[in-house]
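The chain contents come next:
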Amino acid sequence: MNKSKIRKKILAIRKKKNSKNLKINYKNLLNVLKKTKISNKMIGGYYSYNFEVDVIKILKKLEKQKHQICLPKIRKNSQMDFFRWSLKEPLIINEFGIPEPTTNKIEYPDILLVPIVAFDKKLNRLGYGGGFYDRYISKLKIKKKTLLIGLAFSFQEVEKILTNRYDMKLDYILTEKNLLK
């Protein structure tokens, strides 16, 4: 099945399942973070929309543990950067209807939480098709080593995601059932 068909199918299932009742296993994420041995990590998150995993709840817990948070801002030419943000700070709505930080301090996350439309057991991810995360991860890899953790629901797993040279593989994928690595 091609990427467009997979995307359409999984997004319809995700909307129908009303995944708000499903919770990601936060303890698995904490165990991964402990293994990195980076203190006061800069965590790159995202603001959930379109029935994605509610990452804001996870970011609240991480901020309480003294981790710093950054969220993406969409740039021209399908680019994005991450900017420091605290849960106490306001957000503004971008052209896609997604909240973004108001700060202008670019950050490079130690750990990047990545939204997923679909994934396979080989840690390949399918996004919405704009290439924002693949471009960002490619740029980030030049700056520093960053742990890439995809967040999804187990029903978003497919047998195989067809990839090309621009697709970036993740280090982990965390669902409500398990942690793939």
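Residues numbered from 1 in each chain as written. Predicted model: local features only at pLDDT ≥ 70, side-chain atom pairs only at ≥ 80, totals over all residues. Heavy atoms only, no water.

1. Quick look at helix 4 (residues 132–143)
The condition that has to hold: A helix here means a DSSP run of H or I that spans at least four residues, while a strand means a run of E at least two residues long, and both kinds are numbered starting from the N terminus. A helix is expected to span 1.5 Å multiplied by its residue count minus one. Buried, partly exposed and exposed residues are distinguished by accessible area as a fraction of the type maximum, computed with a 1.4 Å probe on protein chains only: under 20%, between the cut-offs, and over 50%, respectively. Contacts are residue-level and defined by heavy atoms, with any inter-residue pair within 4.5 Å sufficient.
Over its 12 residues, helix 4 runs 17 Å from end to end, which matches the ideal 16 Å to within 8%, given 1.5 Å per residue. Among the residues making up helix 4, those that are buried are Phe-132, Tyr-133, Asp-134, Tyr-136, Ile-137 and Leu-140. Check the buried side of helix 4 and you find it contacts strand 2 (68–74), strand 3 (80–85), strand 6 (106–107), strand 7 (111–115), strand 9 (125–126) and strand 10 (147–151).

2. Observations regarding the pairing of strand 3
Applied cut-off: Strands pair, by our definition, only if DSSP identifies at least two bridges between them.
The element strand 3 is extensively covered by neighbouring structure, given that five of its six residues are classed as buried. Where strand 2 meets strand 3, six bridges bridge the pair, whose relative direction is antiparallel. Among the inter-strand pairings, Ile-69 is bridged to a residue of strand 3, identified as Trp-85. Between the end of strand 2 and the start of strand 3, which pair antiparallel, lie five residues, with Asn-77 showing a positive phi angle near 60 degrees. As judged from the two bridges shared by strand 3 and strand 6, these two strands associate in the antiparallel manner. Bridging across to strand 6, Phe-82 finds its partner in Glu-107.

3. Points about the packing of aromatic side chains
Using the following cut-off: Here a pair means two rings of Phe, Tyr or Trp (six-membered ring of Trp) with centres within 6.5 Å. Their orientation is stacked below 30 degrees between planes, edge-to-face above 60, and tilted elsewhere. Only when the NZ atom of a Lys or the CZ atom of an Arg is both within 6 Å of the ring centre and within 35 degrees of the ring normal do we say a charge sits over the ring.
Considering all chains together, one arrives at five aromatic pairs under this definition. Here the aromatic rings of Phe-96 and Phe-132 are separated by 6.2 Å at their centres, their planes lie at 75 degrees, and the arrangement is edge-to-face. Of the two residues, Phe-96 sits in the loop between strand 4 (91–93) and strand 5 (99–101) while Phe-132 sits in helix 4, which places them 36 residues apart along the sequence. By relative accessible area, Phe-132 is classed as buried at 19%. Where Phe-153 meets Phe-155, the ring centres are 5.6 Å apart and the plane angle is 10 degrees; that geometry is what we call stacked. Cluster of aromatic residues (ring-pair linked, three or more members): Phe-82, Tyr-133 and Tyr-136. The residue whose ring lies beneath Lys-73 is Phe-83, and the NZ or CZ to ring-centre distance is 4.5 Å.

Worth remembering: the numbers are spatial, not functional.
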